[in-house]
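# Close look at the chain arrangement
One-letter residues, chain by chain:
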Amino acid sequence: MSAKDAPPPLPEPLLVEVADSHTHLDMQSGTVEEALVKAAAVGVTTVVQVGCDVEGSRWAAETAAAHENVHAAVALHPNEAPRIVLGDPDGWSRQGAREGGGDAALDDALAEIDRLAALPYVRGVGETGLDFFRTGPEGIAAQERSFRAHIEIAKRHGKALVIHDREAHADVLRVLDEEGAPERTVFHCYSGDAEMAEICAAKGYYMSFAGNVTFKNAQPLRDALAVAPLELVLVETDAPFLTPAPFRGRPNAPYLIPVTVRAMAEVRGIGENELAEALAVNTARAFDY
């Protein structure tokens, strides 16, 4: 294994236990049990496992049912919806190449997400939203239809809405306004600036910060974190992606949350214990566990 692929070392443990509000254990190496033990060793005692397609959402629900400290979120990722409708000839997602199934196939997939969202250990509907980075104009209608359906599902089941917003800030905010956001709405891997953070704060949306808040070029994210109300701030890994500096490019996992927490505490100008306490309370409130 090259140094680049090697998992980063365990950080110094946090003294106050926190939750990883967004992770993909099914995309990480090793078993779920190993990941949870490693995370707990550094004070990360709860994780929210997030589904991106029907199969991954079923897996998230099953994993949460089997582990007391795992909560599930279920959804069709914004990039998954157009693939269901239009097909995925390149097989970019984990299912391999697929034929398009049209709107009927999207309805079937949404019906399964709706079924899963009713389960008690499923605490969130997400990640859903809009992604104009990877999906071209031809996929926007399917994305938006899927996003609106997920908002309705979250509200009907009283679950948190977990949003993926990539290069689509204005449209995500517009759809939330048009549909009426659920009581608990989380911007996962918050990617807006300070101005957008003020809009989210006014609406009571949670902002979850990932390892990219530590990147050199991420000053706008740090500016957003500096103005976000403390009671609306969460932390996440989005593992195996977005590994915090100085380990950028190596595999991410829930046990690296302390690295991001310490960087966030520095931006806020508060102690890591004070931040960790707020993060723990906020995540439990956001996901109602």
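Note that residues are indexed from 1 along each chain, following the sequence as it is written. Note on the predicted model: pLDDT of at least 70 is required for a residue's local features to be given, and 80 or more for side-chain atom pairs to be given and counted; whole-chain, interface and lining totals, by contrast, use all residues. Each side-chain value is worked out from all heavy atoms of the structure, with water and hydrogens disregarded.

## Digging into the environment of Ala-105
Strands here mean DSSP runs of E at least two residues long; helices mean DSSP runs of H or I at least four residues long; both are numbered from the N terminus. Structurally, the position occupied by Ala-105 is in helix 4 (residues 102-117). As for Ala-105 and Leu-161, which are separated by 56 residues in sequence, their C-alpha atoms are 22 Å apart.

## Quick notes on the pattern of salt bridges
By salt bridge we mean one thing: a side-chain nitrogen of Lys or Arg within 4 Å of a carboxyl oxygen of Asp or Glu. Under the counting rule described, the total for this entry stands at 16 salt bridges. Here Glu-112 makes a salt bridge to Arg-58, at a shortest N to O gap of 2.8 Å. On the criterion of sequence distance, the pair formed by Glu-112 in helix 4 and Arg-58 in helix 2 (residues 54-66) is long-range, its members being 54 residues apart. Here Glu-179 makes a salt bridge to Arg-148, at a shortest N to O gap of 2.6 Å. Linking Glu-179 in helix 6 (residues 169-179) with Arg-148 in helix 5 (residues 140-157), this pair joins segments that are 31 residues apart in sequence.

## Looking at the pairing of strand 2 (residues 44-50)
For each residue, the accessible area found with a 1.4 Å probe, counting protein chains only, is set against the maximum for its type, and the residue is called buried under 20%, exposed over 50%, and partly exposed in between. In terms of burial, strand 2 is a largely internal element, six of the seven residues being buried. When strand 1 (residues 18-23) meets strand 2, the two strands line up parallel, connected through four bridges. If you follow Val-18 over to strand 2, its bridge partner there is Val-44. Relative to strand 3 (residues 70-74), strand 2 is paired through four bridges, and the arrangement is parallel. Residue Val-50 lies in a different strand from strand 3, and its bridge partner there is Ala-73. One bridge is not enough; two strands pair if DSSP finds at least two bridges between them.

## Some points on the confidence of the model for the protein chain
Taken residue by residue, the protein chain gives an average pLDDT of 96. The fraction at 70 or more is 99%. Averaged over each element, pLDDT in the protein chain is lowest for strand 5 (residues 98-99) (88) and highest for strand 10 (residues 233-235) (99). The pLDDT score gives, residue by residue, the confidence of the prediction method on a 0 to 100 scale.

## Overview of the packing of aromatic side chains
Each Phe, Tyr or Trp ring, with Trp reduced to its six-membered ring, pairs with another whose centre is within 6.5 Å; inter-plane angles below 30 degrees give stacked pairs, above 60 give edge-to-face pairs, and intermediate values give tilted ones. Per the counting criterion, the structure on display carries two aromatic pairs. Centre to centre, the rings of Tyr-190 and Phe-209 are 5.5 Å apart; their planes meet at 50 degrees, and the pair counts as tilted. Taken together, the residues span a long stretch of sequence, with Tyr-190 in the loop between strand 8 (185-187) and helix 7 (194-203) and Phe-209 in strand 9 (residues 206-209) at a distance of 19 residues. The same class applies to Tyr-190 and to Phe-209, which are both buried.

## Considering the sheet that holds strand 7 (residues 160-166)
Read across the open sheet, the eight strands follow the order 1-2-3-6-7-8-9-10; overall the sheet is parallel. The two strands at the open ends of the sheet, each matched to only one other strand, are strand 1 and strand 10. Each adjacent strand pair in this sheet contributes to an overall mean axis angle of 30 degrees, direction not counted. The pairing of strand 3 with strand 6 (residues 122-131) spans three bridges and is parallel. Counterpart to Val-74 in the pairing with strand 6 is Val-125. For every element, the axis is a line fit to its C-alpha atoms; helices are fit only across the contacting stretch, and the angle between N-to-C directions ranges from 0 to 180 degrees.

## Brief notes about unusual backbone geometry
In the segment running from Ala-239 into Pro-240, the intervening peptide bond is cis, with an omega of 15 degrees. Tracing the backbone through its elements, the reader meets Pro-240 in the loop between strand 10 and helix 9 (257-268). Ala-245 connects to Pro-246 through a cis peptide bond whose omega is 5 degrees. Summarising the element assignment, Pro-246 is placed in the loop between strand 10 and helix 9. The backbone of Asp-238 shows a phi angle near 55 degrees, a positive value even though the residue is not glycine. Its place among the elements puts Asp-238 in the loop between strand 10 and helix 9. Under the relative-accessibility criterion, Asp-238 is labelled buried at 9%. Although it is not a glycine, Asp-288 adopts a positive phi angle of roughly 55 degrees. Tracing the chain through its elements places Asp-288 in the segment after helix 10 (272-287).

## Concerning the pairing of strand 9
The alternating pattern of strand 9 places Tyr-206 and Ser-208 on one face and Met-207 and Phe-209 on the opposite face, and all of these are buried. Taken together, the two bridges between strand 8 and strand 9 define a ladder with parallel strand orientation. Looking at the pairing, Val-186 lines up with Tyr-206 of strand 9. Relative to strand 10, strand 9 runs parallel, the two being bridged by three bridges. If you follow Ser-208 over to strand 10, its bridge partner there is Leu-234. Handedness rule for crossovers: strands pointing away from the viewer, path from the first strand over the helix to the second running clockwise, crossover right-handed. Of the crossover connections in this fold, the one passing from strand 9 over helix 8 (residues 219-227) to the parallel strand 10 is right-handed.

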